[in-house]
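The primary structure of each chain is shown beneath.
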Amino acid sequence: MYGHLFSPDTLDDLDLGDVTEKDLRIPRESAALAALNRVEMSEKISDIGPAWFFPTTARVVFDLDADDAERIDALYRGGFFNEYRRLTTVKAHAALGGRFVHGCQSSPNMSGGAVVPYGVDLTRFRTDLGAFKRDWIDRILALTGPVPAACPCPPADRPETVPRLTGRSRPARCGEPLGETLMDALSPLLADLAELAHLGSPVARVHVRAWALSGVERVRFAGDREMIFKWAREPFTAEADVLRHVRGQGVPVPVVFASVVRGGRLGVLMEDLGDADREATMADAATAAVTVHEAKPADALPVLDRVALTALPGQAIAGLEELRAAGRWTESTDLDEPLARLADHADRLADGVELAPFGLCHSEFHPTSLHVRDDGWHLLDWARSFIGPGLLDLASWQGTQQPADSASLRRLIWAYIRAGGAAEASRSRAGLPAERWALGWHRLWIIAWYLEQATTWMPSFDQDTFTATVIRRHLHEAGTFLWTPS
């Protein structure tokens, strides 16, 4: 059956232009092995095959890196199955008498699938699975040496192919795929939004991206009207208000048609901008940043002034103490000394924080947030906007996946000034060149955010090892750029 579904003959389809024969071989063989994972009507796991956790197993067996494993997982879970191939899947299962379904555990995190009889309540299944899942994944990954888990926050510059309702694809940020249960759970929220916007019931929904705290779908309503449905948990439930405010200030952002908060979850229906015509350039970044920083911020936004900036190292230390008190991060004591040094010098290093540009900041200012078409640009993803030093926006542009590049930021600062930004952007701060000051504080700001996620918004040990690794890298860069004596 899987040989039929993932046949190389499907590569003739135009919407699979970026998919290779090897790409199809992986889900074809992995799915067949995953069919050995069985669950009984009693909900008991009765057989654990060699390919339970996909893409973890595929990553090891087929020697994939993390990005390729996620790309294949996205293909396996949804990118491959347009409407026509989805019908083929239903027919293939029906040909087997409808005796079983091969599906995921009705929860996100790219964990894998099992053969489950129709009608089984998955509560006990999930409990049994949770008892061995983490250890099993670690043991699989250990076959190739230590490999960090997927990033718990939405990366700025890792590609993923996601489907449009037209069958075409476009690049987008990666994240955890939406499980069917989550999509079902979001249906009442989407229905409320559709009613507010007088749109009727949606006729099609396609997952675009998701992570632990937010997600995006492309939704089609009657009359082939497509919109973006975005949901978010705390602390991101004010984004719709921010979008309306900055649009009123003349900043090009998607139109918000309806928004509502239900049960601590924000839902937004907004304009679908379609595919970007090209990637954003440094010149685009400079123009957009000037527009943002000239806009008046909403009064309710958090403020990152001198007091708040100075407090960042201490907040990070407090976060580590809280994690260790809970029995987590016990092997992170190497972070203490550099954070303590930065805390000791934080007040001095904050000099210049309120030099222009100081005001509205986007905070997730990367190329993937700047949507550029031939007729103009729009800035997306305003969930973490704040009032503070605009240099942090400019420092965000290069992302955090690669080592910080002060020369590149210096070029962006000058491009920003040439585009009409404040000339003070190039002035030194705390005796440091503007670009070094900005990168150093940006890294400390990121560290505080990662630790806030670990203690408050996503208090799970699953990502601790990866997060600690990322924080070590950012802390080294913060200490390098904000040089403090040993």
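Refer to the structure printed above.
Residues numbered from 1 in each chain as written. Predicted model: local features only at pLDDT ≥ 70, side-chain atom pairs only at ≥ 80, totals over all residues. Heavy atoms only, no water.

This next bit is on the overall build of the protein chain. The secondary structure content of the protein chain amounts to 15 helices and 15 strands. The buried share of the protein chain, reckoned over its 486 residues, is 51%. Surface exposure of the protein chain reaches about 21800 Å², of which carbon and sulfur atoms provide 53%. (Helix = DSSP H or I, 4+ residues; strand = E, 2+ residues; numbered from the N terminus. Buried < 20%, exposed > 50% of the residue type's maximum accessible area, 1.4 Å probe, protein only. Areas by Shrake-Rupley, 256 points an atom, 1.4 Å probe, with all protein chains shown as cover.)

Of the consecutive residues E234 and P235, the connecting peptide bond is found in the cis state with omega at 10°. Residue A356 is joined to P357 through a cis peptide bond whose omega torsion reads 0°. Summarising the element assignment, P357 is placed in the loop between α11 (336-349) and β12 (358-361). One non-glycine residue, H198, adopts positive backbone phi at about 55°. Within the secondary structure layout, H198 lies in the loop between α7 (180-196) and β7 (204-210). Positive phi outside glycine occurs at W329, with the angle close to 55°. Structurally, W329 can be placed in the loop between α10 (306-325) and α11.

Within the secondary structure, R218 is located in strand β8 (residues 214-221). A distance of 2.8 Å separates polar atoms of two side chains, one belonging to R218 and the other to D272. (Polar contact = N/O pair within 3.5 Å; in protein donor to acceptor, adjacent residues only side chain to side chain.)

Attention now moves to the pattern of salt bridges. When charged atoms on two side chains of opposite charge get close, those side chains can pair. For the structure shown, the criterion picks out 18 salt bridges. For R218, the salt bridge is made with D272, and the minimal N-O distance between the two is 2.8 Å. Here R218, found in strand β8, pairs with D272, found in the loop between β11 (265-271) and α9 (282-294); they are 54 residues apart in sequence, far enough to count as distant. Look at R218 and you get buried, because its relative accessible area is 1%. A residue is classified by how much of its surface remains accessible, and D272, at 18% relative accessible area, is buried. Notably, a salt bridge pairs E239 with K230, separated by 3.0 Å at the nearest N-O pair. For K230, a relative accessible area of 10% gives the class buried. (Salt bridge = Lys/Arg side-chain N within 4 Å of Asp/Glu carboxyl O.)

Further remarks concern the packing of aromatic side chains. Tallied over the full model, the rule gives three aromatic pairs. Seen in terms of ring centroids, F236 and W449 are 5.8 Å apart; in terms of plane orientation they differ by 55°. Their pairing is tilted. Of this pair, F236 sits in the loop between β9 (225-233) and α8 (239-248) while W449 sits in helix α14 (residues 434-457), and the two are 213 residues apart along the sequence. One exposure class covers both F236 and W449, and it is buried. With a centroid separation of 5.2 Å and an interplanar angle of 45°, the aromatic rings of F365 and W397 are classed as tilted. In this pair, F365 is assigned in the loop between β12 and β13 (370-373) and W397 in the loop between α12 (391-396) and α13 (406-418), connecting sequence segments 32 residues apart. For the pair F365 and W397, a shared accessibility class is recorded, and that class is buried. (Phe/Tyr/Trp six-rings, centres within 6.5 Å; stacked < 30°, edge-to-face > 60°.)

This part is about the sheet that holds β11. Read from one edge of the open sheet, five strands run β7-β8-β9-β11-β10, paired in antiparallel fashion. The open sheet is flanked by β7 and β10 (256-262), the only strands paired with a single partner. Neighbour-to-neighbour, the strand axes of this sheet turn through a mean angle of 20°, independent of strand direction. Two elements, β7 and β8, share six bridges in a ladder whose sense is antiparallel. By the bridge assignment, R209 is partnered in β8 with V216. The sheet contacts of α8 involve β9, β10 and β11, and relative to β10 the element is tilted by about 150°. (Pairing = 2+ DSSP bridges. Axes fitted to C-alpha atoms, helices over the stretch in contact; angles between N-to-C directions. Contact = heavy atoms within 4.5 Å.)

We now examine the packing of α10 against α11. Interaxial distance between α10 and α11 falls to 9 Å at its minimum, and their mutual angle equals 155°. By the criterion of interaxial angle, the relationship of α10 to α11 is roughly antiparallel. Handedness of the crossing formed by α10 with α11: left-handed. Residues R306, T310, P313, A316, I317, L320 and R324 of α10 form the contact with α11, whose own contacting residues are D336, L339, A340, L342, A343, A346 and D347. Here the residues of the contact of α10 with α11 are counted per class, giving nine nonpolar, one polar and four charged. (Parallel < 35°, antiparallel > 145°, perpendicular 65-115°, else oblique. Left-handed = near helix turned anticlockwise from the far one by under 90°. Nonpolar A, V, L, I, M, F, W, Y, C, P; charged D, E, K, R; others polar.)

We now examine the packing of α10 against α14. Orientation of α10 relative to α14, taken along the N-to-C sense of each, is 30°, at an axis distance of 9 Å. Here α10 is positioned roughly parallel relative to α14, judged by the angle of their axes. In this structure, α10 meets α14 at a crossing whose hand is left-handed. In this structure, α10 contributes L309, T310, L312, P313, Q315, A316, G319, L320, E322 and L323 to the contact, and α14 contributes W437, W441, L444, W445, I447, A448, L451, A454 and T455.

Given a rise of 1.5 Å per residue, 13 residues ought to cover 18 Å, and the 18 Å separating the end C-alpha atoms of α9 matches this to within 8%. Summarising the contacts, the buried residues of α9 are in contact with β12, β13, β14 (376-379), α12 and α13. (Expected span 1.5 Å × (residues − 1).)

Core analysis: the largest hydrophobic core is formed by 89 residues, its most contacted members being W382, W437 and W441. The contact partners of W437, leaving out residues within four places of it in the chain, are L309, L349, A350, D351, G352, V353, P389, L391, R429, A430, L432 and L482. One finds A197, A210, V260 and L269 within the second-largest nonpolar core, a separate group that totals 16 residues. (Core = buried A, V, L, I, M, F, W, Y, C linked by side-chain atoms within 4.5 Å.)

Glancing now at α8. Of all the positions in α8, only E239, A240, V242, L243 and V246 are classed as buried. Axial view of α8: buried residues confined to an arc of 160°, hence all on one face. Exposed and oriented more than 90 degrees from the buried face of α8 are D241 and G248. Buried positions along α8 lie against β9, β10, β11 and β12. (Arc of directions from axis to C-beta.)

For T310, the location among the structural elements is in helix α10. Separated by 41 residues in sequence, T310 and D351 place their C-alpha atoms 9.6 Å apart. Non-local contacts of T310, meaning those with residues more than four positions away in its chain, are made with A346, D347, A350 and W441. A polar atom in the side chain of T310 sits 2.7 Å from the backbone oxygen of R306.

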